[in-house]
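# Results of the structural survey
Letter by letter, the chains look like this.
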Amino acid sequence: MTAGSVSAVHDDVKWFIAIAETENLTVAAARAHVSQPTLSRFLVRLEQHLGVALFDRQGRAIVLNRYGQVYLERARRAAAQLEAGRREIDELRMPAQGAVHLAFLHSFGVRLVPDLIRRFRQDNPSARFVLTQDAAATVVRHVVAGDADLAIVSPRPMRTDMAWGSIAEQRLALAVPRDHRFAGRDSIGLAEAADEEFIVMQRGFGMRRIFDELCAAADLTPTIAFESGELTTITGLAGAGLGVGVVPVEDADPHTDVALVPLAGETREIGLTWFRPRPLPDAAGRFRDFVLGGGQAD
């Protein structure tokens, strides 16, 4: 189909809808920005092509009939599809503009978030980011309040009004001193560490909720030696022999005095979340689609 024929199809749809909705050729011609004779000739050709009259003639008046009603319904659908196609092309042609207000956990600021932003801006150089780092519960509150468009968190928020798209999974491990009895093992169950003291994240942090859920599943009541606001503190204190801690393998501080023993079958899910009732701004919507598409530009 040539560009000219595409334009003709669009005009035919637009002109027919104008005639059908006004049932007046003079008014329809003004609405469609064409002359009345042009519109009259178009209608004659269309009815000849379809083999039926789409309007009943009552003197100089025209009234949409049952054939016309069927054709009008399809014409409106065609017009909607053509407009949707135009918008999609505009979105592909024009890089995202405006600011993406993004909140995320502290540990994701080392590699995950910088890498996503860098790759997104390769195709959207005018996109700006307003960033917030905090605990999981806090960044979710930022999104609900509208202070952030999106948040990268773990685990999934426990709210039905928060949408969620999974990004990745990270293996979990028990951080222990290098000379610990568990060091060197291929894997371990958390229940085996029931007699250990634990260094954990403070309440409100995602890893604290994950730790509490793991303890509940293992029927373990942990002894808490220290509550921290940083994952790197957990590995550091574990290396000093002050306790053991549950950390994601990928985000753990590669401390020379620490051994990471994988927790058998345990992972944490990382995802992107946003507030369902509120539409996303253009730039934020594009960043969401980019992230959930595997970090690949369209």
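Here is a short report on the structure shown in this document. (Residues numbered from 1 in each chain as written. Predicted model: local features only at pLDDT ≥ 70, side-chain atom pairs only at ≥ 80, totals over all residues. Heavy atoms only, no water.)

## Let's talk about the overall build of the protein chain
Helix and strand counts for the protein chain come out as nine helices and 10 strands. Taken over the C-alpha trace, the protein chain has a radius of gyration of 30 Å; the compact-globule value for 298 residues is 19 Å, which it surpasses by more than 25%. Its C-alpha atoms give the protein chain principal-axis dimensions of roughly 100 × 40 × 35 Å. When burial is assessed residue by residue, the protein chain has 40% of its 298 residues classed as buried. Summarising the internal contacts of the protein chain: among those between residues at least 6 apart in sequence, 72% fall at separations of at least 24. For the protein chain, the accessible area works out to roughly 15900 Å², and carbon and sulfur atoms hold 51% of it. Placing the 33 positive and 38 negative side-chain charges of the protein chain at their respective mean positions leaves the two points 11 Å apart. (Helix = DSSP H or I, 4+ residues; strand = E, 2+ residues; numbered from the N terminus. Rg over C-alpha atoms; globule rule 2.2 N^0.38 Å. Buried < 20%, exposed > 50% of the residue type's maximum accessible area, 1.4 Å probe, protein only. Contact = heavy atoms within 4.5 Å. Areas by Shrake-Rupley, 256 points an atom, 1.4 Å probe, with all protein chains shown as cover. Lys, Arg positive; Asp, Glu negative; His and termini not counted. Charge placed at Lys NZ, Arg CZ, Asp CG, Glu CD.)

## Brief notes about the packing of aromatic side chains
On inspection of all chains with the given rule, the structure shows nine aromatic pairs. Plain terms: the ring middles of Trp15 and Phe42 are 5.5 Å apart, the flat faces sit at 80° to each other, and that makes the pair edge-to-face. Pair noted here: Trp15 is in helix H1 (residues 3-22) and Phe42 is in helix H3 (residues 36-50), with a separation of 27 residues, a long-range link. Each member of the pair, Trp15 as well as Phe42, carries the same accessibility label: buried. Each member of the aromatic cluster is reached from another via a ring pair, and the members are Phe120, Phe129, Phe287 and Phe290. In this structure, Arg288 packs its charged tip against the face of Trp274, placed 5.1 Å from the ring centre. (Phe/Tyr/Trp six-rings, centres within 6.5 Å; stacked < 30°, edge-to-face > 60°. Lys NZ or Arg CZ within 6 Å of the ring centre and 35° of its normal.)

## Describing the sheet that holds strand E10 (residues 258-275)
Sheet architecture is open: six strands sit in the order E4-E3-E5-E10-E6-E9, paired in mixed fashion. Looking at strand neighbours, the two that pair on one side only are strand E4 (127-133) and strand E9 (245-248), the edges of this open sheet. Mean inter-strand twist for the sheet, computed between neighbouring axes without regard to direction, equals 25°. Sheet strands in contact with helix H7 (residues 206-217) are strand E6 (162-177), E9 and E10, and its direction is about 125° off that of E9. (Pairing = 2+ DSSP bridges. Axes fitted to C-alpha atoms, helices over the stretch in contact; angles between N-to-C directions.)

## Re helix H6 (residues 136-145)
Taken together, the buried positions of H6 are Ala136, Thr138, Val139, Val140 and Val143. Those residues of H6 that are buried lie in contact with strand E3 (98-104), strand E5 (150-153), E6, H7 and E10. Immediately beyond the C-terminal end of H6, within one or two residues, lies Gly146, with a positive phi of roughly 90°.

## Some thoughts on helix H8 (residues 231-239)
Side chains of residues three or four places apart in an α-helix project in the same direction, reflecting 3.6 residues per turn. Listing the buried residues of H8 in full gives Leu231, Ile234, Thr235, Ala238 and Gly239. Projected onto a plane normal to the axis of H8, the buried residues spread over an arc of 130° and lie on a single side. Among the structural elements, E6, strand E7 (197-201), H7, E9 and E10 are those in contact with the buried residues of H8. Looking one or two places after H8, you find Gly241, whose phi comes out positive at around 80°. (Arc of directions from axis to C-beta.)

## Description of the pattern of salt bridges
For the structure shown, the criterion picks out 18 salt bridges. With a closest N to O distance of 2.9 Å, Asp195 and Arg181 form a salt bridge. Of this pair, Asp195 sits in the loop between E6 and E7 while Arg181 sits in the loop between E6 and E7; the two residues are 14 residues apart in sequence, bridging distant segments of the chain. With a relative accessible area of 60%, Asp195 lands in the exposed category. (Salt bridge = Lys/Arg side-chain N within 4 Å of Asp/Glu carboxyl O.)

## Digging into the side chain of Glu47
By secondary structure assignment, the location of Glu47 is in helix H3. In this view, Glu47 contacts Val52, Ala53, Leu54, Phe55 and Arg57; residues no more than four positions away in its chain are not counted.

Taken by themselves, the reported measurements are silent on function.
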